Amino acid sequence: VQLQASGGGLVQPGGSLRLSCVGSGDTFGNYGIGWFRQAPGKEREFVAAIRWSTGATLYADSVKGRFTISRERAKNTAHLQMNGLKAEDMAVYYCAARPRWLVGGMTEAPDYDYWGQGTLVTVSS
């Protein structure tokens with residue numbers, strides 16, 4: 001599967017953005033789809049994941065209550081709605097995919113097989 005992430009941009013603190021991750025070459029049917037982010041000088045970190053078949057979700061503690069991951073089945077697209085953005089949310093955001101959900105996993109980069117190219121989120125006034 002190929003992944004195309006989009007939706008990044010410049011937003012003021014407290015603002016919102018919605019990222020999208022479109023899959024092509026395969027349908028997400030049993031996939032796990034995740035979002036990660038990487039800020040300058042920092043390691044890539046887990047943000048959220050969704051189990052495509054059931055809609056079950058996982059979130060990093062740092063984004064719980066502010067970010068929502070969702071699926072749009074007809075378009076083979078995952079979304080990450082980000083509300084209440086903070087300066088510390090500024091990073092390049094990547095979507096990733098694994099053909100089968102890993103029970104007890106899906107929060108580490110090595111759990112994923114496919115990666116999109118990243119989209120930059122800048123939070124600044």
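This text gives an overview of the structure that appears in the document. Everything numeric in this text was worked out from a predicted model, so none of it was measured.

With that out of the way, let us pick up unusual backbone geometry. One non-glycine residue, N76, lies in positive phi territory at about 50 degrees. Considering the arrangement of structural elements, one finds N76 in the loop between β7 (67-72) and β8 (77-82). For M106, which is not glycine, the phi torsion reads 80 degrees and is therefore positive. As for its placement among the helices and strands, M106 is situated in the loop between β9 (91-98) and β10 (114-115).

What follows deals with the packing of aromatic side chains. Each aromatic ring pair is characterised by the separation of its centres together with the angle its planes make. Under the criterion given, the structure shown has six aromatic pairs. Summarising the aromatic geometry, the rings of F28 and W52 are spaced 4.8 Å apart at their centres and angled 70 degrees between planes, so their arrangement reads as edge-to-face. Taken together, the residues span a long stretch of sequence, with F28 in the loop between β3 (17-24) and β4 (32-38) and W52 in the loop between β5 (45-51) and β6 (57-59) at a distance of 24 residues. Like W52, F28 is buried.

Taken in spatial order, the four strands of this open sheet run β1-β3-β8-β7, and their pairing is antiparallel. The two strands at the open ends of the sheet, each matched to only one other strand, are β1 (2-6) and β7. Strand-to-strand twist in this sheet, taken as the mean axis angle between neighbours without regard to direction, amounts to 15 degrees. Both β1 and β3 contribute to a ladder of five bridges, which runs antiparallel. Residue pairing in the sheet places Q2 in a bridge with S24 of β3.

Bringing the state of the cysteines into the picture now. Inspection of the entire model under this criterion finds one disulfide. For C21, the disulfide goes to C95, at an S-S distance of 2.3 Å. Negative torsions about the S-S bond denote left-handed disulfides, and the value of about 70 degrees found for C21 with C95 makes this one right-handed. Of this pair, C21 sits in strand β3 while C95 sits in strand β9, and the two are 74 residues apart along the sequence.

About the criteria used
Residues numbered from 1 in each chain as written. Predicted model: local features only at pLDDT ≥ 70, side-chain atom pairs only at ≥ 80, totals over all residues. Heavy atoms only, no water. Helix = DSSP H or I, 4+ residues; strand = E, 2+ residues; numbered from the N terminus. Phe/Tyr/Trp six-rings, centres within 6.5 Å; stacked < 30°, edge-to-face > 60°. Buried < 20%, exposed > 50% of the residue type's maximum accessible area, 1.4 Å probe, protein only. Pairing = 2+ DSSP bridges. Axes fitted to C-alpha atoms, helices over the stretch in contact; angles between N-to-C directions. Disulfide = S-S within 2.5 Å.

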